[in-house]
Amino acid sequence: MLNAIEIAPKVWWVGGLDWNERQFHGYTTERGITYNAYLIMDEKVTLIDTAKATFTDEFVQRISQVVDPAKIDVVVTNHVEMDHSGSLPKIHELAPSATIYASAPAGVNEIRAHYGIEVEGVKTGDSLSIGERTLHFVQTPMVHWPDNMVTWCPEDGILFSNDAFGQHFATSKRFDDENDLAEVMKQAKKYYANIVWPYGAQVQKAMGALAGLDIKMIAPSHGVIWRSNIPAILEKYQAWSTYQTEDKAVVVFDSMWHSTELMAREICDAFIKEGVTAQLIDLKHTHISDIMLYMCDARYVAVGSPTLNSNMMPTVASFLTYMRGLSPNNSQRIGIAFGSYGWAPLGPKQVEQAMQDAKFEMPVPVITQQWIPGEEKLTEIQDTVKKIIEDTRA
Ligand SMILES: Cc1cc2nc3c(=O)[nH]c(=O)nc-3n(C[C@H](O)[C@H](O)[C@H](O)COP(=O)(O)O)c2cc1C
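Residues numbered from 1 in each chain as written. Predicted model: local features only at pLDDT ≥ 70, side-chain atom pairs only at ≥ 80, totals over all residues.

The name an unreviewed UniProt entry gives the protein is MBL fold metallo-hydrolase, with Enorma massiliensis as the organism. Heading Sequence similarities (unreviewed entry) of the UniProt record for the protein holds this comment: "In the N-terminal section; belongs to the zinc metallo-hydrolase group 3 family." (UniProt positions renumbered as here; feature names shortened; annotations may be inferred.)

Here it is, written out as structure tokens:
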């Protein structure tokens, strides 16, 4: 029988640990995933969220360690995405008289569409007494689906935040201060960059709605629970959701015969020479979800591709498509497009077009080189990047 973990008096973590998951809808999860759910043992036995369907047995075992699942009175579904609601039908079967709550109307509609179950709708400002505690619901639409909401328990000072403030991180320790904080923060940033990034305005709105709460714990649906570093993660969400950038550059490329790579190395070196923190990324070796981690707060983004069959390379196209979905408006970032070609610079030009479509500020036209760049061209590239940095800083 798998253990539940008491995170506060009468509040239990009853989630699932997905130690070996390495891909989550195209996002690499090198530290695995947790599906957090919480059981509150009050007069009304209350479950906050459930788990992914494949973790139903694990999840029910952890609940059963605390209480017979048939005794659950209330289920709160903060978000219907199936990594949090996949076990809902099983809970509905085990506790058929439990009342299920979801945001109205989106959450109610999504549960009906996914599982054919009718549930009660709640809106911002609604609350529910479960005995000694009262749960308050705050809708946070599009952080990151239309149905998202968070549940606030003032008596314990716990914010059940669902995906907000989450990280993909399977660990035996449930709290931030029991883990390597740098790793927790890295995974929180990777999560934000790959899941939440497009919704800065909605995150800002949600943070406004939560301002003033005396939060002692943020219990997300993925990763560790925040209790010692709450101001730090709130500060990060503030910076990320307002698209603040740092004096950092990412230089992303693919290359068949190393010409575009030579250009990329020169661009990266020019940034380093000017004191800009730079990261050179070969798309053959780095997953696009990791690039988002580096790019999320980078002021400069350089992207290079050679021409392959009159196109940019598919790896570069894949990166640009993914990046544009997550970051459709990069007007606060400086973009540089570059690449080599044999007889027509279509690949580098497509990169330039894609970056313009993603609204990068592009201070120079695409940098192209027929076949292999020589010393003169590489010096020219250094000078161009130097000038861009000087102009940006001026
Ligand atoms: C399979 C293949 C297809 C290519 N197709 C084109 C093309 O359609 N147009 C073009 O101008 N160059 C084409 N080239 C030439 C490359 O763009 C050229 O060799 C370039 O310098 C390669 O840059 P890289 O060293 O960064 O890979 C092709 C090269 C290969 C190997």
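K.L.:
A description of the environment of Arg22 should follow, citing residues and the corresponding values.
P.N.:
By the secondary structure assignment, Arg22 is in the loop between strand E3 (16–18) and strand E4 (23–24). Given 12 C-beta atoms within a 10 Å radius, Arg22 is considered exposed. With 199 residues separating them in the primary sequence, Arg22 and Ser221 have C-alpha atoms 18 Å apart. Discounting chain neighbours no more than four positions away, the residues touching Arg22 are Thr28, Thr29 and Glu30. (Helix = DSSP H or I, 4+ residues; strand = E, 2+ residues; numbered from the N terminus. Buried ≥ 20, exposed ≤ 12 C-beta atoms within 10 Å, placed from the backbone. Contact = placed C-beta atoms within 7 Å.)

K.L.:
Can you break down the packing of helix H8 (residues 259–273) against helix H12 (residues 375–393) residue by residue, with the values?
P.N.:
For any two helices packed against each other, one specifies the crossing angle of their axes together with the interaxial distance. Running from amino to carboxyl end, H8 crosses H12 at an angle of 40°, the nearest separation of the two axes being 9 Å. As summarised for this structure, H8 and H12 are arranged oblique, according to the angle between their axes. Taken as a pair, H8 and H12 cross one another with a handedness that is right-handed. Taken together, the residues of H12 that come into contact with H8 (itself represented by Leu262, Met263, Glu266, Ile267, Ala270 and Phe271) are Leu378, Ile381, Gln382, Val385 and Lys386. Partitioning the contact of H8 with H12 into residue classes produces eight nonpolar, one polar and two charged. (Axes fitted to C-alpha atoms, helices over the stretch in contact; angles between N-to-C directions. Parallel < 35°, antiparallel > 145°, perpendicular 65-115°, else oblique. Left-handed = near helix turned anticlockwise from the far one by under 90°. Nonpolar A, V, L, I, M, F, W, Y, C, P; charged D, E, K, R; others polar.)

K.L.:
Which residues make up the domain arrangement of the protein, and what are the values?
P.N.:
Often, the extent of an interface is quoted as the loss of accessible area on bringing the components together. Domain assignment breaks the protein into domain 1 (5–242) and domain 2 (246–389). Once you take the C-alpha centre of each, domain 1 and domain 2 turn out to be 38 Å apart. Those elements that place two or more of their residues in the side of domain 1 that touches domain 2 are strand E5 (27–28) and helix H5 (181–196). Looking at the side of domain 1 that touches domain 2 element by element, the count peaks at four residues for H5. Looking at the side of domain 1 that touches domain 2, its residues break down into five nonpolar, two polar and two charged. (Domains from an automatic or database assignment.)

K.L.:
Report on the nonpolar core, specifying residues and quantitative values.
P.N.:
Counting residues in each nonpolar core, the largest one holds 116 residues, and the members touching the most others are Tyr38, Val250, Val251 and Ile267. Built from parts of two domains, this core gets at least three residues from each of domain 1 (5–242) and domain 2 (246–389). Excluding residues within four positions of it along the chain, Val250 makes contact with Gln279, Ile281, Ile291, Tyr294, Met295, Ala298 and Val301. (Core = buried A, V, L, I, M, F, W, Y, C linked by C-beta atoms within 7 Å.)

K.L.:
Quick one: what's the story with the UniProt feature "domain: Flavodoxin-like" (unreviewed entry) in the protein, residue by residue and with numbers?
P.N.:
Summarizing the sequence annotation, UniProt attributes the feature "domain: Flavodoxin-like" (unreviewed entry) to residues 249–394 in the numbering used throughout. Along residues 249–394, the helical share is 46% and the strand share 21%, with 17 Å between the first and last C-alpha atoms.

K.L.:
So, the site of the ligand: which residues are in play, and what are the values?
P.N.:
Around the ligand lies a shell of 17 residues, among which Met256, Trp257, Thr260, Pro306 and Gly342 are the nearest. If you list the elements that add at least two residues to the shell around the ligand, you get H8 and strand E20 (334–341). The residue inventory of the shell around the ligand, partitioned by class, reads eight nonpolar, nine polar and no charged. (Near = placed C-beta within 6 Å.)

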